[in-house]
Amino acid sequence: YDLFRNRIIFPIKNAQGKVIGFSGRIYQASETEPKYVNSPFTQIFTKGEVLYNLDKAIPIMKQMKRVVLYEGFLDVIASVRAGVNEAIATMGTALTIEQARLIKKHTDNIILCYDGDSAGFEAMMKAIQILENEKLMVNLVVLPEKLDPDEYVKKYSLEKYREYINTQQIDPFEFKYQYLRKHSDLKRAGGIERFKLSVFDLIKDTSAMVSELYLKKLATNTSVDFQTVKTDYRDYQLSKAITKNQNDAKQKMIHIAISNKYVLAET
């Protein structure tokens, strides 16, 4: 049997525009067939080292000084139809370090726009870490109603989608805060406490301005007095500082040179 039978075929090209593989998507409902089938890995095709539509997006990326990264082919196609021509995709797999480095060759600014469901949130959380480790400037677009880009275009129009991409970007801090809030039970004291500590961990290395901004958000979202939240954060910082000093002291003790057997006996 043909590997790609009864499937829509997407040619996969490298950055130079040369076809290096294919991906086939089912168009009829099936409980036994995988949604996508790809060409086998070869010397020129490794899925985690390729970005869909990169060859066509490169000139636009340099012109716009940004790229918009999606999860799938149809998201890219919908975005290009809407005029977002700097659109590329990881072809449904998690972003890899190799793909992040490939993007960095052409731009330092990236907008992540994955599906608006829980899986999309999880994937963006992982992608943020990889991209920031490669010194890329990251912004994110979270589509409403758990829609993916193709669904959003079908529901609201190409124009609305393009406007949303350009005006509804948030930074990684705001995205992570929303992620933590979404996965916290704020109706229970235990859930509020865990959410509070997660937010403290998020902002611990930020400026005073950023930390105060998110402490105010935390107070509002948990219906707790701002001064109480601020006091808890100071206690948290003090606890972290004490723990760090204790750990540093232990490390110094470990590295003390033992000069003779009598010092060793005393210690």
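Residues numbered from 1 in each chain as written. Predicted model: local features only at pLDDT ≥ 70, side-chain atom pairs only at ≥ 80, totals over all residues. Heavy atoms only, no water.

Once that is clear, we can look at helix H2 (residues 73-81). Listing the buried residues of H2 in full gives Phe-73, Asp-75, Val-76, Ala-78 and Ser-79. Just downstream of H2 lies Gly-83, where phi reads positive at about 95°. (Buried < 20%, exposed > 50% of the residue type's maximum accessible area, 1.4 Å probe, protein only. Helix = DSSP H or I, 4+ residues; strand = E, 2+ residues; numbered from the N terminus.)

Moving on, we get to the pairing of strand E7 (residues 137-141). Where strand E6 (residues 109-112) meets E7, four bridges bridge the pair, whose relative direction is parallel. When the bridges of E7 are listed, Ile-110 appears paired with Val-138. With two bridges joining them, E7 and strand E8 (residues 169-170) adopt antiparallel strand pairing. Its bridge partner lying in E8, Leu-140 is registered against Ile-170. (Pairing = 2+ DSSP bridges.)

Another point: the packing of helix H7 (residues 172-182) against helix H8 (residues 189-203). For the pair H7 and H8, the least separation of the axes is 10 Å and the interaxial angle reads 165°. It follows from the interaxial angle that H7 and H8 lie roughly antiparallel. With respect to the hand of their crossing, H7 and H8 are arranged in right-handed fashion. Contacts between H7 and H8 involve Phe-173, Lys-176, Tyr-177, Leu-180 and Arg-181 from the former and Phe-195, Ser-198, Val-199 and Leu-202 from the latter. Class assignment of the residues belonging to the contact of H7 with H8 gives a composition of six nonpolar, one polar and two charged. (Axes fitted to C-alpha atoms, helices over the stretch in contact; angles between N-to-C directions. Parallel < 35°, antiparallel > 145°, perpendicular 65-115°, else oblique. Left-handed = near helix turned anticlockwise from the far one by under 90°. Contact = heavy atoms within 4.5 Å. Nonpolar A, V, L, I, M, F, W, Y, C, P; charged D, E, K, R; others polar.)

Below, the discussion takes up the nonpolar core. Grouped together as the largest cluster of nonpolar side chains are 28 residues, with contacts concentrated most on Leu-69 and Leu-112. Put simply, the parts of the chain that give this core at least two residues each are helix H1 (54-64), strand E4 (67-70), helix H3 (97-104), E6, helix H4 (118-133), E7 and H7. No other element matches H4, which puts six residues into this core. In contact with Leu-112, other than residues within four places in its own chain, are Leu-69, Met-124, Ala-127, Ile-128, Leu-131, Val-138, Asn-139, Leu-140 and Val-141. The next biggest cluster of nonpolar side chains, apart from the first, holds 26 residues, and it includes Ala-87, Ile-111, Leu-147 and Val-153. (Core = buried A, V, L, I, M, F, W, Y, C linked by side-chain atoms within 4.5 Å.)

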